[in-house]
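Architecture and fold: a report
The lines below spell out each chain.
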Amino acid sequence: MVNPNTIQKAYRELERDGWIYSIPGKGSFVAPRSKEPNIEAIAAVREQLVRLVKEARFLGVTNEQLWQWVREGEKEGENRDSTCGRDENV
């Protein structure tokens, strides 16, 4: 069983970080994405990706294997995008 205080804290943090918004008496909803790219988040992902590629190459992963993983990630992203609406009730 999860402590209700833990759930309330999680919802507060999600709302504070802009992932959800609440309407009193109606519930909490997934916040719409901004149309503008989040430059800081993209830079952080790029940095992580470069580090992971370097590590994979050091471990002997081929470029073809890396591209296969990228294609797998694209497919998984497409599947998730088609099944998740952005304005669904949380």
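Residues numbered from 1 in each chain as written. Predicted model: local features only at pLDDT ≥ 70, side-chain atom pairs only at ≥ 80, totals over all residues. Heavy atoms only, no water.

The protein chain is annotated in an unreviewed UniProt entry as Transcriptional regulator, GntR from Geobacillus thermoleovorans CCB_US3_UF5.

Focus: helix α2 (residues 39-58)
Three- or four-residue spacings in an α-helix give side chains the same orientation, since the helix completes a turn every 3.6 residues. Our working definition: The helix and strand labels rest on DSSP assignments: H or I over at least four residues marks a helix, E over at least two residues marks a strand, and numbering proceeds from the N terminus. Under the convention used throughout, the expected extent of a helix is 1.5 Å for every residue step, that is, one less than its residue count. Here a polar contact is taken to be a pair of N or O atoms separated by no more than 3.5 Å, where protein atoms must pair a possible hydrogen donor with a possible acceptor and residues adjacent in sequence count only if both atoms sit in side chains.
With 20 residues, α2 extends 29 Å from end C-alpha to end C-alpha; this agrees with the ideal 28 Å at 1.5 Å per step. Capping of α2 at its N-terminal end is provided by asparagine 38; its side-chain oxygen lies 3.2 Å from the backbone amide nitrogen of glutamate 40. At the exit of α2 stands glycine 60, carrying a positive phi of roughly 100°.

Structural notes on the pairing of strand β2 (residues 27-30)
Looking down a regular strand, the side chains alternate between one sheet face and the other. As a reminder of what qualifies: Two strands qualify as a pair provided that DSSP identifies no fewer than 2 bridges between them.
Across four bridges, strand β1 (residues 20-23) lies against β2 in antiparallel orientation. In the sheet register, isoleucine 20 faces β2, and the bridge partner there is valine 30. Hairpin remark: β1 followed by β2, antiparallel, with three residues in the connecting loop; positive phi at glycine 25, about 85°.

Quick notes on the pattern of salt bridges
When the charged atoms of two side chains lie near each other, side chains of opposite charge can form a pair. Under the convention used in this document: Salt bridges are defined as contacts in which a side-chain nitrogen from Lys or Arg sits within 4 Å of a carboxyl oxygen from Asp or Glu. Only protein chains enter the accessibility calculation, which uses a 1.4 Å probe; a residue is then buried when its area is under 20% of its type maximum, exposed when over 50%, and partly exposed in between.
The full count for this structure, using the stated rule, is four salt bridges. Between lysine 9 and glutamate 13 there is a salt bridge whose closest N-O contact spans 4.0 Å. Placement of both lysine 9 and glutamate 13 in helix α1 (residues 4-16) is noted, with a separation of four residues, approximately one turn of the helix. Classification of lysine 9 by relative accessible area gives partly exposed; the value is 45%. In this structure, aspartate 17 engages arginine 16 in a salt bridge whose closest nitrogen and oxygen atoms are separated by 3.2 Å. Since its relative accessible area comes to 47%, aspartate 17 is described here as partly exposed.

Structural notes on a nonpolar patch on the surface
Keep this limit in mind: Like-charged residues are merged into a patch within 9 Å and nonpolar side chains (Val, Leu, Ile, Met, Phe, Trp, Tyr) within 5 Å, provided each residue has over 30% relative accessible area and no salt bridge. Per-residue and other accessible areas follow the Shrake-Rupley method at a 1.4 Å probe size, with only the shown protein chains counted as cover for residues.
Side chains of Val2, Ile7 and Tyr11 sit close together on the surface and give an oily, nonpolar patch of about 250 Å² of accessible area. Mapping isoleucine 7 onto the fold places it in helix α1.

Notes on the confidence of the model for the protein chain
Here is the rule: As a per-residue measure, pLDDT reflects the predictor's confidence and takes values from 0 up to 100.
Of all residues in the protein chain, 88% have pLDDT values of 70 or greater, and the mean over the chain is 87. Averaged over each element, pLDDT in the protein chain is lowest for helix α3 (residues 63-83) (85) and highest for α2 (95).

Considerations on α1
With 13 residues, α1 extends 18 Å between its outermost C-alpha atoms, agreeing within 8% with the 18 Å of an ideal straight helix rising 1.5 Å per residue. The backbone nitrogen of asparagine 5 lies 2.8 Å from a side-chain oxygen of the residue at the head of α1, namely asparagine 3. Glycine 18, located one to two residues past α1, shows a positive phi value of around 85°.

Observations regarding the packing of aromatic side chains
Quick note on the threshold: Side-chain rings of Phe, Tyr and Trp (the six-membered ring for Trp) are treated as a pair once their centres are within 6.5 Å; stacked means planes under 30 degrees apart, edge-to-face means over 60, and tilted covers the remaining angles.
Under the defined criterion, the tally for this structure stands at one aromatic pair. With 5.6 Å between their ring centres and 25° between their planes, tyrosine 21 and phenylalanine 29 make a pair best called stacked. Owing to a relative accessible area of 15%, phenylalanine 29 belongs among the buried residues under this scheme.

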